[in-house]
Amino acid sequence: MKELFDKLTQVSRFTVLTGAGISAESGVPTFRGKEGLWKKHKPEDLATPQAFTRNPELVWEWYHYRREMAEKASPNPGHYALVELEALLANFTLITQNVDNLHVRAGSKNLLELHGNIFRARCSRDGMVFQLPSTSETLPHCPACGELLRPDIVWFGEALPEQEMKRAAAASIEADYFLVVGTSGLVYPAAGLPLLAHQNLAMIIEINPEKTPLSEFTVYCPGKASEILPLLVETVKFQLSVS
Ligand code: BJW
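Since the model is a prediction, treat every value here as computed from it, not as a measurement.

Peer 1: How should the domain arrangement of the protein be read in this particular structure?
Peer 2: Many analyses report the size of an interface as the accessible area lost when the parts associate. Along its sequence, the protein is organised into domain 1 (1–27 + 76–115 + 161–243) and domain 2 (29–72 + 116–153). A straight line from the C-alpha centre of domain 1 to that of domain 2 covers 27 Å. On the domain 2 side, the residues contacting the 16 residues of domain 1 number 14 residues. The tally of links from domain 1 across to domain 2 stands at one salt bridge. Mapped onto the side of domain 1 that touches domain 2, the elements with two or more residues apiece are helix 1 (21–24) and helix 7 (102–106). Among the residues forming the side of domain 1 that touches domain 2, the class breakdown is seven nonpolar, six polar and three charged.

Peer 1: Sorry, what's going on with the site of the ligand here?
Peer 2: Taken together, 32 residues surround the ligand, and among them Glu25, Tyr63, Arg66, Thr183 and Ser184 come closest. At a separation of 2.8 Å, an oxygen atom of the ligand approaches a polar backbone atom of Ala20. Val154 has a polar backbone atom sitting 3.1 Å from a nitrogen atom of the ligand. Starting from 1500 Å² of accessible surface for the ligand in isolation, the protein chains cover 73%. For the shell around the ligand, the elements supplying multiple residues, two or more each, are helix 1 and helix 5 (56–72).

Peer 1: Explain the packing of aromatic side chains to me, please; I cannot follow it from the model alone.
Peer 2: To describe a pair of aromatic rings, one takes the distance between the centres and the angle between the planes. If you walk through the whole model with that rule in mind, you get ten aromatic pairs. Each ring, one from Tyr63 and one from Trp155, has its centre 6.3 Å from the other, and the planes form 45°; the classification is tilted. In this pair, Tyr63 sits in helix 5 while Trp155 sits in the loop between strand 6 (149–153) and helix 8 (162–174), placing the two residues 92 residues apart along the sequence. Take Trp155: its relative accessible area is 3%, and that puts it in the buried class. Clustering of aromatic rings is evident, with ring pairs tying together Phe31, Trp38, Phe52, Trp62, Tyr63, Trp155 and Phe156. For the cation-ring pair, Lys2 lies above Phe238, with the distance from its terminal atom to the ring centre recorded as 4.8 Å. The ring of Trp155 is capped by Arg150, whose NZ or CZ atom sits 3.9 Å from the centre of that ring.

Peer 1: Is there a simple way to explain the pattern of salt bridges in this structure?
Peer 2: Oppositely charged side chains can pair when the atoms bearing their charge come close. Applying the stated criterion to the full structure yields ten salt bridges. We note a salt bridge from Asp176 to Arg13, for which the minimum N-O separation is 3.5 Å. Taken together, the positions of Asp176 in the loop between helix 8 and strand 7 (177–181) and Arg13 in strand 1 (residues 13–18) put the pair 163 residues apart, joining distant regions of the chain. When the shortest N-O distance is used, the salt bridge between Arg122 and Asp152 registers 2.6 Å. Of the two residues, Arg122 is situated in strand 4 (residues 116–123) and Asp152 in strand 6; the sequence distance between them amounts to 30 residues. Looking at Arg122, the relative accessible area reads 21%, which means it is partly exposed. Several salt bridges share partner residues, and in doing so they unite Glu113, Arg120, Arg122 and Asp152 into one network.

Definitions and limits used
Residues numbered from 1 in each chain as written. Predicted model: local features only at pLDDT ≥ 70, side-chain atom pairs only at ≥ 80, totals over all residues. Heavy atoms only, no water. Domains from an automatic or database assignment. Contact = heavy atoms within 4.5 Å. Salt bridge = Lys/Arg side-chain N within 4 Å of Asp/Glu carboxyl O. Helix = DSSP H or I, 4+ residues; strand = E, 2+ residues; numbered from the N terminus. Nonpolar A, V, L, I, M, F, W, Y, C, P; charged D, E, K, R; others polar. Near = heavy atom within 4 Å. Polar contact = N/O pair within 3.5 Å; in protein donor to acceptor, adjacent residues only side chain to side chain. Areas by Shrake-Rupley, 256 points an atom, 1.4 Å probe, with all protein chains shown as cover. Phe/Tyr/Trp six-rings, centres within 6.5 Å; stacked < 30°, edge-to-face > 60°. Buried < 20%, exposed > 50% of the residue type's maximum accessible area, 1.4 Å probe, protein only. Lys NZ or Arg CZ within 6 Å of the ring centre and 35° of its normal.

Below, the structure is given as structure tokens:
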């Protein structure tokens, strides 16, 4: 790993994209793969605007269940390693597809949540955003106008939040180093960000026990995020001490 960072300095621009795999060791299930959520549940029944219009009770039930799971989980050494990395570098951006809030709870600061956050809801009428209490009514309604609230999550077929996506694209284009952690690289537009960084000559490092379509152009490091990320941070610390 040492050679990967031999040009790194304190002002190098470092961007990280995380997916469900980084939270797997916290006990939050991933989406795809053998034990993935999409093996037992159909995304078209639960994670599309059409599903919510058809059956808001079912969709809310699913998100209440997932929120409880996320609340019981704790950040793992992979999440904390990224907090440490941010503290070491002047230009650090963390982009996550995860909605589980574990990066926030670990203490990451410059964080872009591309797919929303399961602890927030928004008004179906005007988009006003609210924090969701841990015990929420089955079908929550907007405290301001009484309209049905929906989870503040980006479902299939929906646009990603514009400002976050713009900042994520800029951080990918400007990156000297781009780290891809725990994502299958199948869901767009997030999966396009590492390619954007690659086209702009960043060094792309991927941490995942399984290869992905992105591995064609990444430096692939096989293994678990909670084991490899702390080692990567130690290597970065060493390089910064000699640069
Ligand atoms: C470990 C590990 C360990 C395990 N350590 N690693 C181009 C082609 C085809 C389709 C499309 C396209 N462009 C867009 C689309 C449509 C669609 C899409 O991408 N579909 C593909 C699936 C085919 N995209 C969209 O619909 C997006 N919107 C959009 O494009 O809008 C256009 C538009 C523009 C303007 C106006 C209107 C519309 C939105 C996508 C939203 C995705 N939402 C979800 C669900 C959120 C709801 C919820 O959470 O309930 O987000 S889908 C789901 O997948 C979730 C995740 O964030 C996302 C990514 O999954 P992730 O994180 O990669 O997880 P997994 O499970 O796939 O992979 C885990 C990985 O971890 C594995 O590789 C493991 O090996 C690894 N791992 N243990 C490290 N310990």
